[in-house]
Amino acid sequence: MAANFWTSSHYKHLLDQEDVDMVNPLDKEKGITLEDFKLIKMHMANYILKLAQQVKVRQRVVATAVTYMRRVYTKKSMTEYDPRLVAPTCLYLASKAEESTVQARLLVFYIKKLYADDKYRYEIKDILEMEMKVLEALNYYLVVYHPYRSLSPLLQDAGLNDLNMTQLTWGLVNDTYKMDLILVHPPHLIALACIYIASVLREKDTTAWFEELRVDMNVVKNISMEILDFYESNRMFTEERINAALQKLTLRP
Amino acid sequence: MGDGGGSNRSNSNKPEWLQQYDLIGKIGEGTYGLVFLARIKSSTNRGKSIAIKKFKQSKDGDGVSPTAIREIMLLREITHENVVKLVNVHINHVDMSLYLAFDYAEHDLYEIIRHHRDKVNQSINQYTVKSLLWQLLNGLNYLHSNWIIHRDLKPSNILVMGEGEEHGVVKIADFGLARIYQAPLKPLSDNGVVVTIWYRAPELLLGAKHYTSAVDMWAVGCIFAELLTLKPLFQGAEVKATPNPFQLDQLDKIFKVLGHPTLEKWPSLANLPHWQQDTQHIQAHKYDNTSLYSVVHLSPKSPAFDLLSKMLEYDPRKRITAAQALEHEYFKIEPVPGRNAFVPCQPGETFVNYPTRPVDTTTDFEGTTNMQSSQPVSSGAAVSGSMPGGHVSNRSVPRPMNVGSMQRIPHQAMQAYNLTSQAGMGGGMNPGGIPMQRGVPQQQLRRKDQMGMPGYPPPQKSRRI
């Protein structure tokens, strides 16, 4: 499993975009639109990253935590599972799964430091209770494969493993966690899409190299388009819109 | 809360999921929890035995123990005939405890070896040794090819299925210390985990910072020798200190049998911390010649000895891998290994009727002793048919214990027994069920019935149709 993505639970449980984009009926009742849904998840991915930087865990832990969070919301509503608690809990659980355990009290400390808003305030016992509910929601499937692992061998193979390209593609992969790509596509295809974008941006000719790979170039191009669309619309994701979306969740239906 | 999973206010004493099982009793206890034997109630799998490992909430107030997380994480991904099967995971939101349900395995190598040594006083049949070893290697090869190192292989973690469709099939258990070893986030030696030192590879004893799959193969070599001689091969006295004390006695026990390692045969030896720092200690005694063959009573020219010595190769890089070991000549000559390690292929050969695992029926899922609620239990799968060779393998040894007899045993005696067994065992615990609780009296009572009569049907009176 650990060596073979194709026999992993991650591969077996990849979802169709339509399933990922299903807003839970309970949230729908509160007026949450698909766009709100995506916005909140993006905001929570950012929240996880900010917390992770405070407690100093690796990017892989962040990526696993964000994946857990996104998986939870393919099964559970935000109404029942408050994203402001689910996000730090996923980081907590991922830190254990990725062998760099972060103490719950440390997370609670930095949550208070990051957000003065009472709505973000949760105590240790809340995180511990949510940890079990997240485990349940994930159906105890905890191994996640990330694009990072295939990135450097691929870059090397393409002869693009200079510092500039490495940093650019690494940053692009980081940004893919602001979307649901990890729930839908095999990680090596996400890595390839990031290489594709980077090579277009830096005007490197990789056509021949991509042709030699035995992958579906259409999928790679579609993923790339999705990433570029995201950057395009990124400007519109303002703080106000995120807060408005979160505000809907607190309303009584 | 919309769905059952999230309802943490269902305050019934028995969580809903638990009602699908009949609790039989406690079969083991370890540092991080208890193991119970239960039977499935549902009509589809009625009577199927399940081992349920309960993880206590960690004491430091930090949620589900990372050990449990890693065990679930790995077991959820792996499926192999020779690896214990995780059937279900349950959570009790009320007391925040976590339960892992496994297919139940009646036996383990610790008990099998002990039975031969202390009760039947004869070595384990060659067919059985070879079949157990082959299946162990087969499971390990699967794990290693999936980049998983077990790290805590020892006889009590190698389970063997009791009667039923999988009778005599080996199951590797206890993945609490197992690791995926591509790109570990921290050097694995930093975890300060304590495991039995008898099966620990020399590179680890000498302070190697990173584990490789070769450490598991060393342990297999030690287990192989123990199956042959019924005695632990390298029985060092453990130095108890934290973290990771230098285990000189364990190394000395190894050197005494295998001879002193040399830089010639093991070049990377020079880089190992303890080899550099503790030279005078390590090299105080000089053991030049290997006496392994005489210790294990094998001819130095036999395939069995060849395989064993390749598993006990000092240099981890030269040590035989699980995949290579499976191809070894030893497994190609008679008797060839089989799926049921207990039942020999050649008719007419005797085989041993192994005792069933002791069950403490006075303990409930909360781990509290409850004399009243202990239920009388039927003797399970009582009768099996005749086996080749005219011998009857019959597991009708009465499983239940009498509450009264438990109370009659002086408490102190039990404690003393438990202490000594712990000293030998060194902690750890295994998911399919554990041979701890060795001091539980019904075990002693029952085992007495069986003494000196291997392979013979137990007394008629205990048989149920």
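Residues numbered from 1 in each chain as written. Chains lettered and ligands numbered in written order. Predicted model: local features only at pLDDT ≥ 70, side-chain atom pairs only at ≥ 80, totals over all residues. Heavy atoms only, no water.

### Things to note about the overall build of chain B
Here's step 1: The helix and strand inventory of chain B stands at 14 helices and 10 strands.
Here's step 2: Sorting the 465 residues of chain B into buried and exposed places 58% on the buried side.
Here's step 3: Pairs at least 24 apart in sequence give 71% of the contacts found in chain B among residues at least 6 apart.
Here's step 4: Of the roughly 19600 Å² of accessible surface on chain B, 53% is carried by carbon and sulfur atoms. (Helix = DSSP H or I, 4+ residues; strand = E, 2+ residues; numbered from the N terminus. Buried < 20%, exposed > 50% of the residue type's maximum accessible area, 1.4 Å probe, protein only. Contact = heavy atoms within 4.5 Å. Areas by Shrake-Rupley, 256 points an atom, 1.4 Å probe, with all protein chains shown as cover.)

### Looking at helix H10 (residues 303–311) of chain B
Here's step 1: Here H10(B) has its buried residues at Pro303(B), Ala304(B), Phe305(B), Leu307(B), Leu308(B) and Met311(B).
Here's step 2: In this fold, the buried residues of H10(B) make contact with helix H3 (126–145), helix H5 (214–229), helix H9 (292–295) and helix H11 (322–326) of chain B.

### Describing the pattern of salt bridges
Here's step 1: Evaluated as defined, the whole model comprises 22 salt bridges over all chains.
Here's step 2: Residues participating in the shared-partner salt-bridge network are Lys41(A), Arg70(A) and Asp180(A). (Salt bridge = Lys/Arg side-chain N within 4 Å of Asp/Glu carboxyl O.)

### With respect to the packing of aromatic side chains
Here's step 1: Scanning the entire structure with this criterion turns up 22 aromatic pairs over all chains.
Here's step 2: Aromatic pair Phe5(A) and Trp6(A): ring centres 5.2 Å apart, planes at 75°, arrangement edge-to-face.
Here's step 3: Relative accessible area serves as the criterion here: at 9%, Phe5(A) is assigned to the buried category.
Here's step 4: A relative accessible area of 47% places Trp6(A) in the partly exposed class.
Here's step 5: Between Phe5(A) and Tyr11(A) the ring centres are 5.5 Å apart and the planes differ by 65°, which places this aromatic pair in the edge-to-face class.
Here's step 6: Each member of the aromatic cluster is reached from another via a ring pair, and the members are Trp218(B), Phe234(B), Phe255(B), Trp266(B) and Tyr314(B).
Here's step 7: The lysine or arginine in question, Lys41(A), covers the ring of Phe37(A), its NZ or CZ lying 3.9 Å from the ring centre.
Here's step 8: One cation-aromatic arrangement involves Lys133(A) over Tyr81(A); the distance from NZ or CZ to the ring centre is 5.2 Å. (Phe/Tyr/Trp six-rings, centres within 6.5 Å; stacked < 30°, edge-to-face > 60°. Lys NZ or Arg CZ within 6 Å of the ring centre and 35° of its normal.)

### Some details on the UniProt feature "binding site: ATP" (unreviewed entry) in chain B
Here's step 1: Per the UniProt entry, the sites bearing "binding site: ATP" (unreviewed entry) are Lys54(B) in this numbering.
Here's step 2: Within the element layout of this structure, Lys54(B) appears in strand S3 (residues 49–55). (UniProt positions renumbered as here; feature names shortened; annotations may be inferred.)

### Re the side chain of Glu98(A)
Here's step 1: Along the chain, the position of Glu98(A) falls in the loop between helix H6 (83–97) and helix H7 (104–114).
Here's step 2: At a separation of 2.6 Å, a polar atom in the side chain of Glu98(A) contacts the side chain of Thr64(A). (Polar contact = N/O pair within 3.5 Å; in protein donor to acceptor, adjacent residues only side chain to side chain.)

### Describing the side chain of Asp82(A)
Residues and elements named next belong to chain A.
Here's step 1: Along the polypeptide, Asp82 turns up in the loop between helix H5 (59–72) and H6.
Here's step 2: Within the local environment of Asp82, its side chain forms a polar contact with the backbone nitrogen of Arg84, the two atoms lying 2.9 Å apart.
Here's step 3: Discounting chain neighbours no more than four positions away, the residues touching Asp82 are Tyr73, Lys119 and Tyr122.

### Focus on the pairing of strand S2 (residues 33–40) of chain B
Here's step 1: Here S2(B) lies mainly inside the structure; 8 of its 8 residues are buried.
Here's step 2: Across the two faces of S2(B) the burial is the same, with Gly33(B), Val35(B), Leu37(B) and Arg39(B) and Leu34(B), Phe36(B), Ala38(B) and Ile40(B) all buried.

### A short note on the environment of Leu251(B)
Residues and elements named next belong to chain B.
Here's step 1: Relative to the helices and strands, Leu251 is located in helix H6 (residues 248–258).
Here's step 2: When the C-alpha positions of Leu251 and Glu203 are compared, they lie 9.9 Å apart, and in sequence the two are 48 residues distant.
Here's step 3: Excluding residues within four positions of it along the chain, Leu251 makes contact with Pro202, Leu205, Leu206 and Phe246.

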